[in-house]
Amino acid sequence: MTVGERLKAFWSRQHRRDGFLLGLAVGAFGVTFGVLSVSAGVSGLQAVMMSLLMFTGASQFAAVGVLSTGGDPISAFGAALLLAARNGAYALSMSRVMPSGRGSRLIAAQLIIDESTAMAEAQCNLEETREAFWITGLSVFFFWNLGTLIGVLVGGVIGNPLAWGLDAAFPAGFLALLVPHLKDRNKRRAALIGAAVAAVGIPFLPAGLPVLLAALGAVVVTRIEKRE
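## Points about the overall build of the protein
Argument step 1. When you go through the protein residue by residue, the secondary structure sums to 13 helices and zero strands.
Argument step 2. Secondary structure of the protein in N-to-C order comes out as α-α-α-α-α-α-α-α-α-α-α-α-α.
Argument step 3. Residue burial in the protein is summarised as follows: out of 228 residues, 35% are buried.
Argument step 4. For the protein, the proportion of contacts with a sequence separation of at least 24, taken over those separated by at least 6, is 73%.
Argument step 5. Summed over its atoms, the accessible surface of the protein is roughly 12900 Å², and 69% of this surface lies on carbon and sulfur atoms.

## Concerning the pattern of salt bridges
Argument step 1. Taken as a whole and judged by the stated rule, the model has two salt bridges.
Argument step 2. The partner of Glu 131 in a salt bridge is Arg 16, with the nearest N and O atoms 2.8 Å apart. Separated by 115 residues along the polypeptide, Glu 131 in helix 9 (residues 126-158) and Arg 16 in helix 2 (residues 14-39) bring together distant segments of the chain.
Argument step 3. Looking at Arg 16, the relative accessible area reads 14%, which means it is buried.

## Some points on the packing of helix 6 (residues 86-93) against helix 8 (residues 114-121)
Argument step 1. Contact geometry for helix 6 and helix 8: axes closest at 10 Å, N-to-C directions at 30 degrees. It follows from the interaxial angle that helix 6 and helix 8 lie roughly parallel. Once helix 6 is placed against helix 8, the crossing between them reads as left-handed. Here Arg 86, Tyr 90 and Ser 93 of helix 6 lie close against helix 8, whose contacting residues are Asp 114, Thr 117 and Glu 121.
Argument step 2. Classifying every residue of the contact of helix 6 with helix 8 by side-chain character gives one nonpolar, two polar and three charged.

## Some points on the environment of Leu 111
Argument step 1. With respect to the helices and strands, Leu 111 occurs in the loop between helix 7 (102-110) and helix 8.
Argument step 2. With 23 residues separating them along the chain, Leu 111 and Trp 134 place their C-alpha atoms 7.7 Å apart.
Argument step 3. In this view, Leu 111 contacts Phe 55, Ser 116, Phe 133, Trp 134, Gly 137, Leu 138 and Phe 141; residues no more than four positions away in its chain are not counted.

## Points about the packing of aromatic side chains
Argument step 1. Applying the stated criterion across every chain, the model contains seven aromatic pairs.
Argument step 2. Seen in terms of ring centroids, Phe 33 and Phe 61 are 5.7 Å apart; in terms of plane orientation they differ by 85 degrees. Their pairing is edge-to-face. Of this pair, Phe 33 sits in helix 2 while Phe 61 sits in helix 4 (residues 57-68), and the two are 28 residues apart along the sequence.
Argument step 3. Taking 6.1 Å as the distance between ring centres and 75 degrees as the angle between the ring planes, the aromatic pair formed by Phe 61 and Trp 144 counts as edge-to-face. Residue Phe 61 is located in helix 4, and its partner Trp 144 is located in helix 9; the two are separated by 83 residues in the primary sequence. We note that Phe 61, like Trp 144, is buried.
Argument step 4. Taken together, Phe 20, Phe 142 and Phe 143 form an aromatic cluster joined through their ring pairs.

## Observations regarding the confidence of the model for the protein
Argument step 1. With 80% of its residues at a pLDDT of 70 or more, the protein shows a mean pLDDT of 78.
Argument step 2. Per-element mean pLDDT across the protein ranges from 60 in helix 10 (residues 169-178) up to 90 in helix 3 (residues 44-54).

## Regarding helix 8
Argument step 1. Listing the buried residues of helix 8 in full gives Ser 116, Thr 117, Met 119 and Ala 120. What you see down the axis of helix 8 is that its buried residues fit within an arc of 165 degrees, all on one side.

What counts and what doesn't
Residues numbered from 1 in each chain as written. Predicted model: local features only at pLDDT ≥ 70, side-chain atom pairs only at ≥ 80, totals over all residues. Heavy atoms only, no water. Helix = DSSP H or I, 4+ residues; strand = E, 2+ residues; numbered from the N terminus. Buried < 20%, exposed > 50% of the residue type's maximum accessible area, 1.4 Å probe, protein only. Contact = heavy atoms within 4.5 Å. Areas by Shrake-Rupley, 256 points an atom, 1.4 Å probe, with all protein chains shown as cover. Salt bridge = Lys/Arg side-chain N within 4 Å of Asp/Glu carboxyl O. Axes fitted to C-alpha atoms, helices over the stretch in contact; angles between N-to-C directions. Parallel < 35°, antiparallel > 145°, perpendicular 65-115°, else oblique. Left-handed = near helix turned anticlockwise from the far one by under 90°. Nonpolar A, V, L, I, M, F, W, Y, C, P; charged D, E, K, R; others polar. Phe/Tyr/Trp six-rings, centres within 6.5 Å; stacked < 30°, edge-to-face > 60°. pLDDT = per-residue confidence, 0-100. Arc of directions from axis to C-beta.

See below:
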């Protein structure tokens, strides 16, 4: 089979196309992350290493967002860790597609993110679930890191990201994560309580801490659910 025929066969399966194209789209956010990191005072090497090792976009944006507003590293780490905790839940649902080898499992664990999990869960059989997970995860990893590198390299040329509206990536990214969960009543309660806590704390608390305290919304709603 020629290279062209192999590519045609690969592209003929929808979950393969979708996984690749999703990674390509996420790469654009990687460029934004690289630019915003440089403007926030994060070194290019640190930004690139965050994408390679942390590899969870929302957490990276959260950490850089806290630092860009003058927050301390502990608050930045806490905000990032809070958002990354959801990947632990994803890992439980993705256990059936994990390979048996230790090295392969370590690589797979790095690829458990929103996009790879969503694509895998949308498939009808185990074979396509595994394919969608790996193709989406690897595609997002490659293009996210490539985008970060490009953003770091062009960050100094672009100048102030506010002039280009790139600062909107922070709220846009969080909104994209939040909206699908608002269909559930209890999750709406948690979001509203968390938003209220954060809004009250912003004028009085150090940057980044209101974001951490917003997690109290989930705690309160959990207790309400148990009582009900």
